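These are the residues of each chain, in order.
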Amino acid sequence: MRAAAFWLSMVLACGAGGAAGASCHAVGVVDGQQGISLRGIEDLVLDEPRSRLILSVHDRDAETDPSRRAANGLFEVPLSAFDTADTVAARALVRSVDDITLRPHGIDLRANPDGSADLLVINHRVHRVAVDAAGRPGTAVERFRIAADGTLTHRSTIARRDLCPANDLSWSGPEEAIVSLDRLACSGWRRAVELALSQDHGALVRLDLVTGEMTRVAGDLPFPNGVAVADNHVAVALTRGARIEYRAPQGGALLSTVALPGGPDNISLGADGDLIVAVHPSLFAYALYLSPYAFWVRDAPTRILRVSGGACETLVDDPDGTGISGASVAVVAGDRIIAGAAFDAGLMVCDLPLRGAPCEP
């Protein structure tokens, strides 16, 4: 699995510098039931009314290593666990849907007036495959209801073979979501050509959560990754484009762009509507970290940015990847920044600085 990610990263453009100081430390996360270290916390959301984080966990390396013990699914960690512990126990919320192991990718939470919430999850039931051996769609969007007491109930599944390149998603209405498709093809020679030629075939699509109908919002994007919907725009992270684009929620017209010092991954909305963005400062360094051949490279740099009003500031700069390697997501929880990574274990917890350093794209 790392080999595929390595070749993907090799064709992405590299980012530049920038620095900011922050007090950070690594926190181990283990499955509280099985005692397995959680690797691949690719995305996470803050469930503020219940004072917890919900973690999207998929150990992709385990897909090609049958001897590796992996814990996949949705997990929860109370925010209070980060007060003193260097290792925290996570409780499994969902491990499978319809007896198929949950392989979650992007997730998004939407609060309801009655105190409940709805959670959307991209589920690569067969990782990055359009259809499984029986011809069923390999990727689905799962919908869960979170009761006021935190209990999850599965509500629906929308499975489509053209969702196989789905990366992230964001609620755009009570019954619809905007989904990023980071490329066109998922496997075979078409995927190889697309990656080798760095073709900009990514797209944003609108998914009807009742009918399953999917319509294109914007196309020809350079590896669209994280996505966040606000009242008057859709923000999308373009990893290969090293920028955030703001687009109209209806029609997808380009409104503005913000250049970034590196390739952005996932986006989280801050309390004031600003964007908290995990960035790979150098996609070449990230590719070496993922490479099965560059065995001497143990870590990848991490950078956390805040984007607001067209301006960008660096909150965390970890050029050696000592806190976490190649962070793919970060959220602000109170006076902390908490980050996860698609290929590293555990989380990174940082003090939230009062001000960050201006970005230098």
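Criteria and thresholds
Residues numbered from 1 in each chain as written. Predicted model: local features only at pLDDT ≥ 70, side-chain atom pairs only at ≥ 80, totals over all residues. Heavy atoms only, no water. Helix = DSSP H or I, 4+ residues; strand = E, 2+ residues; numbered from the N terminus. Buried < 20%, exposed > 50% of the residue type's maximum accessible area, 1.4 Å probe, protein only. Contact = heavy atoms within 4.5 Å. Areas by Shrake-Rupley, 256 points an atom, 1.4 Å probe, with all protein chains shown as cover. Pairing = 2+ DSSP bridges. Phe/Tyr/Trp six-rings, centres within 6.5 Å; stacked < 30°, edge-to-face > 60°. Lys NZ or Arg CZ within 6 Å of the ring centre and 35° of its normal. Polar contact = N/O pair within 3.5 Å; in protein donor to acceptor, adjacent residues only side chain to side chain. Arc of directions from axis to C-beta. Disulfide = S-S within 2.5 Å. Core = buried A, V, L, I, M, F, W, Y, C linked by side-chain atoms within 4.5 Å.

Points about the overall build of the protein chain
Point 1. Across its full length, the protein chain holds three helices and 27 strands.
Point 2. When burial is assessed residue by residue, the protein chain has 57% of its 361 residues classed as buried.
Point 3. Contacts spanning at least 24 positions in sequence make up 54% of the contacts within the protein chain whose residues lie at least 6 apart.
Point 4. Summing over all exposed atoms, the protein chain offers an accessible surface of approximately 14,400 Å²; the carbon and sulfur share of this is 51%.

Regarding the sheet that holds strand β23 (residues 311-318)
Hydrogen bonds along the backbone pair up the strands of a sheet, which may run parallel or antiparallel.
Point 1. Strands sit in the order β20-β21-β22-β23-β27 across an open sheet of five strands; the sheet is antiparallel. Strands at the two margins of the open sheet, each flanked by one partner only, are β20 (263-269) and β27 (357-358).
Point 2. Pairing analysis gives seven bridges linking strand β22 (residues 302-308) to β23, with the strands arranged antiparallel. From the neighbouring strand, Ser308 faces β23, where its bridge partner is Ala311.

What about the packing of aromatic side chains?
Point 1. A complete count under the given rule lists two aromatic pairs for this structure.
Point 2. Ring plane angle 85° and centroid distance 5.5 Å describe the contact between Phe295 and Trp296, whose orientation is recorded as edge-to-face.
Point 3. The ring centre of Trp171 lies 5.7 Å from the NZ or CZ of Arg110, which sits over that ring.

A few points about the side chain of Glu313
Point 1. For Glu313, the position within the fold is in strand β23.
Point 2. A polar contact of 2.8 Å, which involves the side chain of Glu313, links it to the side chain of Arg306.
Point 3. Here Gly356 takes part through its backbone nitrogen, which lies 2.7 Å from a polar atom of the side chain of Glu313.
Point 4. Look past the residues within four positions of Glu313 in its chain and what remains in contact with it is Ile304, Leu305, Arg306, Arg355, Gly356, Ala357, Pro358 and Cys359.

With respect to the environment of Ala330
Point 1. The topology assignment puts Ala330 in strand β24 (residues 327-333).
Point 2. Along the primary structure Ala330 and Leu347 are separated by 17 residues, whereas in three dimensions their C-alpha atoms are 9.5 Å apart.

Details of helix α3 (residues 283-290)
In an α-helix, one turn spans 3.6 residues; hence positions three or four apart end up facing the same way.
Point 1. Among all positions of α3, only Leu283, Tyr286, Ala287, Tyr289 and Leu290 are buried. Down the axis of α3, the smallest arc covering the buried residues is 160°, so these residues share one side.

Points about unusual backbone geometry
Point 1. A positive phi angle, near 55°, is found at Asp220, a position not held by glycine.
Point 2. Within the secondary structure, Asp220 is located in strand β15 (residues 214-221).
Point 3. We note that Ala242 has phi near 50°; this positive angle belongs to a residue other than glycine.
Point 4. Looking at where Ala242 falls in the secondary structure, it is placed in the loop between β17 (234-238) and β18 (243-247).

Some thoughts on the pairing of strand β14 (residues 202-208)
Point 1. Taken across its seven residues, β14 has six buried, putting it largely inside the fold.
Point 2. When β14 meets β15, the two strands line up antiparallel, connected through five bridges. Of the residues in β15, the one forming a bridge with Leu207 is Met214.

Looking at the state of the cysteines
Point 1. Taken as a whole, this structure holds two disulfides when the rule is applied.
Point 2. The disulfide bridge from Cys24 ends at Cys350, spanning 2.1 Å between sulfur atoms. In this structure, the disulfide formed by Cys24 and Cys350 twists by about 110° around the S-S bond and is classed as right-handed. Of the two residues, Cys24 is situated in strand β1 (residues 24-31) and Cys350 in strand β26 (residues 347-351); the sequence distance between them amounts to 326 residues.
Point 3. Look at Cys24 and you get partly exposed, because its relative accessible area is 31%.
Point 4. Under the relative-accessibility criterion, Cys350 is labelled buried at 1%.

Considering the nonpolar core
The tendency in soluble globular proteins is for nonpolar side chains to be buried side by side.
Point 1. Judged by nonpolar contacts, the single largest core of 23 residues is most densely connected at Val29, Leu38, Leu55, Phe82 and Ile338.
Point 2. Elements with a contribution of two residues or more to this core: β1, β2 (41-47), β3 (52-57), β4 (73-78), β5 (87-94), β24 and β26.

Some points on the pairing of β5
Point 1. As paired elements, β1 and β5 share four bridges and run parallel to each other. When the sheet's bridge partners are listed, Gly28 is paired in β5 with Thr87.
Point 2. Summarising the sheet, β4 and β5 pair through three bridges and their orientation is antiparallel. Residue pairing in the sheet places Phe75 in a bridge with Ala92 of β5.

Re the environment of Arg240
Point 1. Note on placement: Arg240 falls in the loop between β17 and β18.
Point 2. Residue classification places Arg240 among the buried residues on the basis of a relative accessible area of 14%.
Point 3. Residues Arg240 and Phe223, spaced 17 residues apart in sequence, show a C-alpha to C-alpha distance of 5.7 Å.

Functional significance is not addressed by these values, which are geometric in nature.
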